[in-house]
Structure formats: structure tokens, C-alpha cells
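Fold and geometry: a report
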Amino acid sequence: MRPRGAVTVALWCGVIVLVCIGVAGSVARAFGVLESVVFSDGPTPELSRFDRVGTSFMAALLGVERGTPAYGEIDDQNRRMFVKFNRHPTATLLHVLPAALLVMLAPLQFSRRIRARHIRWHRWSGRVIVAIAIPVGISGLFFGLLMPFGGALEASGVATFGGLFLFSLIRAFIAIRGGDVARHREWMMRMFSIALGIATVRIAGIVLAVLTRQGPEVWFGHSIWMGFGSTVAVAELWIRHTRPRRALGEGAP
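This write-up is about the structure you can find in this document. Nothing here was measured: the structure is a model prediction, and the numbers come from that model. (Residues numbered from 1 in each chain as written. Predicted model: local features only at pLDDT ≥ 70, side-chain atom pairs only at ≥ 80, totals over all residues. Heavy atoms only, no water.)

Looking now at the nonpolar core. The biggest cluster of nonpolar side chains holds 51 residues, and the ones touching the most others in it are Leu102, Val103, Phe165 and Phe192. Those elements that provide at least two residues to this core are helix H1 (3-38), helix H2 (49-62), helix H3 (69-87), helix H4 (89-109), helix H6 (119-146), helix H7 (151-177), helix H8 (181-212) and helix H9 (216-242). In terms of residue count, H8 provides more of this core than any other element does, 12 residues in total. For Leu102, the contacting residues outside a window of four places in its chain are Pro107, Ile129, Ile132, Ala133, Phe165, Met191 and Ala195. (Core = buried A, V, L, I, M, F, W, Y, C linked by side-chain atoms within 4.5 Å. Buried < 20%, exposed > 50% of the residue type's maximum accessible area, 1.4 Å probe, protein only. Helix = DSSP H or I, 4+ residues; strand = E, 2+ residues; numbered from the N terminus. Contact = heavy atoms within 4.5 Å.)

This part takes up the packing of H3 against H9. Across the interface, H3 lies against H9 with an axial gap of 10 Å and an inter-helix angle of 40°. In terms of axis orientation, H3 runs oblique to H9. Here Glu73, Gln77, Asn78, Arg80 and Met81 of H3 come into contact with H9, specifically with Pro216, Glu217 and Phe220. Taken together, the residues that form the contact of H3 with H9 break down as three nonpolar, two polar and three charged. (Axes fitted to C-alpha atoms, helices over the stretch in contact; angles between N-to-C directions. Parallel < 35°, antiparallel > 145°, perpendicular 65-115°, else oblique. Nonpolar A, V, L, I, M, F, W, Y, C, P; charged D, E, K, R; others polar.)

Over its 32 residues, H8 runs 45 Å from end to end, which matches the ideal 46 Å to within 8%, given 1.5 Å per residue. Where H8 bends most, at Ile198, the angle is about 35°. Just beyond H8, the residue with positive phi is Arg213, at close to 60°. (Expected span 1.5 Å × (residues − 1). Bend = angle between axes of the 7 residues up to and from the residue.)

Our next topic: the packing of aromatic side chains. Counted according to the given criterion, the structure contains nine aromatic pairs. On the basis of an interplanar angle of 35° and a centroid distance of 6.4 Å, the ring pair of Phe82 and Phe85 is categorised as tilted. Taken together, the residues span about one helical turn, with Phe82 and Phe85 both in helix H3 at a distance of three residues. Across this residue pair, the class does not change: Phe82 and Phe85 are buried. Each ring, one from Phe110 and one from Phe192, has its centre 5.9 Å from the other, and the planes form 35°; the classification is tilted. With a gap of 82 residues between them, Phe110 in the loop between H4 and helix H5 (112-117) and Phe192 in helix H8 connect regions that are remote in the sequence. Here Phe110 matches Phe192 in class, with each residue buried. (Phe/Tyr/Trp six-rings, centres within 6.5 Å; stacked < 30°, edge-to-face > 60°.)

Next up on the list: the pattern of salt bridges. On inspection of all chains with the given rule, the structure shows 13 salt bridges. Arg79 is the salt-bridge partner of Asp76, the closest N and O atoms lying 3.1 Å from each other. One end of the pair is Asp76 and the other is Arg79, both in helix H3 and three residues apart, which spans about a single turn. Measuring nitrogen to oxygen at the nearest pair gives 2.8 Å for the salt bridge that ties Glu236 to Arg190. Highlighted residues: Glu236 in helix H9 and Arg190 in helix H8, separated in sequence by 46 residues. Assessed through its relative accessible area of 7%, Arg190 is described here as buried. (Salt bridge = Lys/Arg side-chain N within 4 Å of Asp/Glu carboxyl O.)

Set out below in C-alpha cells:
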């Protein structure tokens, strides 16, 4: 296998893994909100049962036993980090459900075979992605800027990457309306890399938890920058690696 072919395969494998993580997280969040808020006859709990499982997982990761003060501290941090989702169920569902559909549809847009054989499907899928990306971006900014658990570090990361997400979407739309397919592909790739970033945020969080042996209050803001930053960096490298040579002398997109 040629080096470039091996890199392409590795990249697609990474994308598939991140898509699975992202979809699983979105579905779990949506189910938790629906179960706790929409379909429950009793008082709304601050956390869904999936969040409780997350507390147990974090405690096990750090070697903290249930019933200890350290476990109570982790539980309190998770409660403060996740309580906003059950308190704002509409915004949560407008974020996680379209996000799950977006990360499932977007990889297919970059398949040359699908574009060549099913161009009408490609175009209609692209319109759907543009439509659902808008509530994803706006609701993400709503949670990250108005109620950041990680303080200024989280808020600044959400503002940076959330703003870039919407900016990339607008630039991609303008490019394709102008018939510039190459620029459209590049900006859509940037947008998709940020959408995938929520999966790498989760991975970065696990790594930082193991390294620091602390709860999310210590490392969550850093995981935002690490997670989104890593997917954006990889996407930018791939864009520049696959850009036609005749375009290398042009200005930055």
C-alpha cells in the first residue's frame, strides 16, 4: 500500500471511531433527557442515569471508592457539569439530535464514489447538513458561553471553535453557490472536523483524568482546547496535503 493510501485508510478509520463515539454520546444524552424530563411523571432529576454511570466510571478511572469523600467530590463536580442539560431539555435536544445526524452524514459527503454515482443524494444530503448544523452551532454556543463549567477556559474554547464552526459553514455555502467546489470541500472539512471534536474532547478528558488524578473541574477546560484543536489541526494538514499543486500559490482560503 502506498504511503498516501495508508494515511487515507488510517484517517478514515479514525473518523469512523470518532463518529461512533460522537453518536453514542449524543444518543445517550438525548435518551437521558427524554427519560428524565419528557417522559417522567415525577420531579426532574438533576442528572440522568447515564450521568450517574459517568460518575461511577470516573471514580473507577481514578481508583476512588464509592462512599468516600473523594467520590462525593467527583459526584458533585459531575452534577455541576451536567445539570444544565436536564434544566434546558429543548436546547439539549436541538444540539445532540442534529449533531448525531450531522456526524453520520458528513463523512459520506467526502466519498468520491458516492459523489460520482449519487450526485443528487450528495446535494440533498449537503442541504440537510447545512440546515441542521445551524442549531448545533447556536445551541453549543448557548451552553458553552452562558453556563461554562470550565470557566473562562471552556468559554473561550467554545467561542473559538463554535465561531469557526459557523464561519466554516457560511464560507462553504458561499463557495458552492459560487461554483467553487474545491473551496467548498475545504470549508466543509473544517466544519466537520469541529463537529467531530466533541468525541476527541471525551478522549482528551479521559487522558487528562488519568494524568492528573483529578476530577473534571481541574481539566475540563483544557480538554475542550485539546479535543477540538486536535481535529482541526489534522483537518488542516489533510486539506493542505490534498490541495491541488496549482492552488498552492494562491492566498489562504
